[in-house]
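Residues per chain are reported as follows:
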There are 2 protein chains.
Amino acid sequence: MIVQAKILIVEDEPAIAELLAFNVMQAGFIALRAEDAPSAWQQIRDHAPDLILLDWMLPETSGVVIAKQLRADARTCDIPIIMLTARGDERDKVLGLESGADDYITKPFSPRELMARIRAVLRRHIPIMPEENVSIGGLELSPTTHRVTAKGHGIELGPTEFRLLQFFMTHTERVYSRTQLLDQVWGTQVFVEERTVDVHIRRLRAALEASGLDNLIQTVRGSGYRFSVT
Amino acid sequence: MIVQAKILIVEDEPAIAELLAFNVMQAGFIALRAEDAPSAWQQIRDHAPDLILLDWMLPETSGVVIAKQLRADARTCDIPIIMLTARGDERDKVLGLESGADDYITKPFSPRELMARIRAVLRRHIPIMPEENVSIGGLELSPTTHRVTAKGHGIELGPTEFRLLQFFMTHTERVYSRTQLLDQVWGTQVFVEERTVDVHIRRLRAALEASGLDNLIQTVRGSGYRFSVT
DNA sequence: GTCTCTGTGTCACACTCCTGTCATAATTTC
DNA sequence: GAAATTATGACAGGAGTGTGACACAGAGAC
């Protein structure tokens, strides 16, 4: 359970930002503020907020662009986003949700409704690792039973290889550096050599080799590794 | 990547300070030292360290106070802090993190763990720079997946050619001298022969030749190279 | 308690592929 | 034509990665 969720408010109009911050703090959250894209990134980097309230209209970079960029980065793609917009246009709503927002609220809004939505989104995001079964490229992984099958045949994996494969199967196509994999699979508070990743990649490949699926895990020289079905 | 991060060691016991400085320098960082609060502020002003190792117990002003002051100042609130403490008390840990420390390590500590924590904290503080996919003139380049397609067909590029193409695709229709390309693609701190650019241009053209897109990279005699779709 | 077994992290070595440089050929400019 | 500039091919060295071995810690079994 998050003790005190940090909520980043990205809003250029001071009056609205102030109102939002007041409500957020009133509800027992920590309010962070940013008035444009650069300062938003700064806040995200420094404080790792648990949720972002993102204004649709911003000077320079629009909220939609920021949302897309957030979703594109491994370190920020799990942060829930609530979009704020002036109009109640359905098209905007679709665009907003497509860009990766988790929810959507139109100005003017009641503080009560805002807080309800924030709480709902946070509640949904408490299970950070969704324990759902994953199936991709001939591989099936079940977190609940802790089982993996490759082309129907069960394969044995150690705990670390299991988590590594789970991460890859839920984050395909993108390249992850050894450092990012350490942060995501081992955790940020664990200290192991970067090259250890190589060894576990090799162990995972060895386990997949019998099914001929070891080529799903690709080496990107100079960058890291990638899980790709193509 | 920070070329050589400067690390300020705030520690009053000379023996421990010496040990820390040795380890920090051994790991390739620059070590700055201060034995009390005033000299720490002096060093911060003069050298703008990238990270601060802060002893919990100091004469006069304690580490916690310094941390809070650092966090209160806009110029220093972004500098990550690692607290050093003698006791492994949980309450101290909470206090330390509340006062604004990014991490916490108890004495005695292994040099290995210390360096790992330093690297982890620095890693988390590198600016998040969202990179977007680029598509131009039949070429598509995706930084996140580290893939390039030319007219739909995937092509293989080495790391340097990839960066070179990425630079060109984001800076089209303009001539860049070899020196400028070295600065932008190789980095300013690297010393390589200007003629090396020619070779990489050639390698990039060779990779694009199969798709007939090698003419996107044009030679401007006497000036340099240009990426142009016209 | 000892013993075994499994999983993990680290290291040393092998190997691949990239990279910078040079010599030489080709091209452009005057 | 000569001079200047660029293209190309070849190559040695090195950075980055694959792989096997090993030590160690922890969980059970007995």
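Residues numbered from 1 in each chain as written. Chains lettered and ligands numbered in written order. Predicted model: local features only at pLDDT ≥ 70, side-chain atom pairs only at ≥ 80, totals over all residues. Heavy atoms only, no water.

1. Re the overall build of chain A
A tally of regular secondary structure across chain A gives eight helices and twelve strands. Residues classed as buried in chain A amount to 47% of the 230 residues present. A separation of at least 24 residues holds for 55% of the contacts in chain A among residues at least 6 apart in sequence. Summed over all atoms, the accessible surface of chain A reaches about 11,700 Å², with 52% contributed by carbon and sulfur. (Helix = DSSP H or I, 4+ residues; strand = E, 2+ residues; numbered from the N terminus. Buried < 20%, exposed > 50% of the residue type's maximum accessible area, 1.4 Å probe, protein only. Contact = heavy atoms within 4.5 Å. Areas by Shrake-Rupley, 256 points an atom, 1.4 Å probe, with all protein chains shown as cover.)

2. Notes on the packing of aromatic side chains
Taken as a whole and judged by the stated rule, the model has six aromatic pairs over all chains. Pairing Phe168 of chain A with Phe227 of chain A gives two aromatic rings, centres 6.2 Å apart and planes at 20 degrees, and the pair type is stacked. Of this pair, Phe168 of chain A sits in helix α6 (residues 159-170) while Phe227 of chain A is found in strand β12 (residues 224-227), placing the two residues 59 residues apart along the sequence. Judged by relative accessible area, which is 0%, Phe168 of chain A ranks as buried. Ring geometry for Phe167 of chain B against Phe168 of chain B: centres 6.2 Å apart, planes inclined by 55 degrees, an arrangement best described as tilted. Phe168 of chain B carries the same exposure label as Phe167 of chain B, and that label is buried. Chaining the aromatic ring pairs together yields one cluster made of Phe167, Phe168, Tyr176 and Phe227 of chain A. (Phe/Tyr/Trp six-rings, centres within 6.5 Å; stacked < 30°, edge-to-face > 60°.)

3. Quick word on the sheet that holds strand β3 (residues 51-55) of chain B
Residues and elements named next belong to chain B. If you trace the five strands from one edge of the open sheet to the other, you get β2-β1-β3-β4-β5, paired in parallel fashion. The outermost strands of the open sheet, each flanked by one partner alone, are β2 (30-34) and β5 (103-106). Strand-to-strand, the axes of this sheet are offset by a mean angle of 20 degrees, without reference to chain direction. Sheet analysis places strand β1 (residues 6-10) next to β3, joined by four bridges and oriented parallel. Pairing of Val10 across the sheet is with Leu54, part of β3. The strands that helix α1 (residues 14-26) touches are β1, β2, β3 and β4 (81-85); relative to β2, the one it contacts most, it runs at about 165 degrees. In the packing of helix α3 (residues 63-72) onto the sheet, contacts are made with β3 and β4, and the angle to β4 comes to roughly 170 degrees. (Pairing = 2+ DSSP bridges. Axes fitted to C-alpha atoms, helices over the stretch in contact; angles between N-to-C directions.)

4. Describing the nonpolar core
Of all hydrophobic cores here, the largest spans 28 residues; its most connected members are Leu139, Val148, Leu165, Phe168, Leu181 and Phe227 of chain A. Sorting the residues of this core by element identifies β7 (139-142), β8 (147-150), α6, α7 (178-186), α8 (196-209) and β12 of chain A as the ones contributing at least two each. Among the elements that make up this core, the one with the highest residue count is α6 of chain A (six residues). Excluding anything up to four places from it in sequence, Phe227 of chain A contacts Ile136, Leu139, Leu165, Phe168, Met169, Thr172, Glu173, Arg174, Leu216 and Ile217 of chain A. Membership of the second largest hydrophobic core comes to 27 residues, among which are Leu165, Phe168, Leu208 and Tyr225 of chain B. (Core = buried A, V, L, I, M, F, W, Y, C linked by side-chain atoms within 4.5 Å.)

5. A look at the interface of chain B and chain A
The partner chain A presents 27 residues to the 20 residues of chain B that form the contact. Taken together, both faces of the contact between chain B and chain A bury some 2,000 Å²; the carbon and sulfur share is 51%. The interface formed by chain B and chain A includes one salt bridge. The salt bridge involving Glu173 of chain A is made with Arg147 of chain B; its shortest N-O contact spans 2.8 Å. Along the contact surface separating chain B from chain A lie six residue pairs in polar contact (both at pLDDT 80 or more). Within the side of chain B that touches chain A, the residues separate by chemical class into seven nonpolar, four polar and nine charged. (Buried area = accessible area lost by both parts, 1.4 Å probe. Salt bridge = Lys/Arg side-chain N within 4 Å of Asp/Glu carboxyl O. Polar contact = N/O pair within 3.5 Å; in protein donor to acceptor, adjacent residues only side chain to side chain. Nonpolar A, V, L, I, M, F, W, Y, C, P; charged D, E, K, R; others polar.)

6. Looking at the protein's contact with DNA strand D
In the vicinity of DNA strand D, 22 residues are found, and the nearest of them are Thr219 and Tyr225 of chain A together with Arg202, Thr219 and Tyr225 of chain B. Take the atoms of DNA strand D that sit within 4 Å of the protein: sugar and phosphate atoms are 60% of them. A distance of 2.6 Å separates a phosphate oxygen of DNA strand D from a polar side-chain atom of Tyr225 of chain A. Only α8 and β11 (217-220) of chain A together with α8 (195-209) and β11 (217-220) of chain B provide two or more residues apiece to the surface near DNA strand D. Top element by residues in the surface near DNA strand D is α8 of chain B. It accounts for five residues. (Near = heavy atom within 4 Å.)

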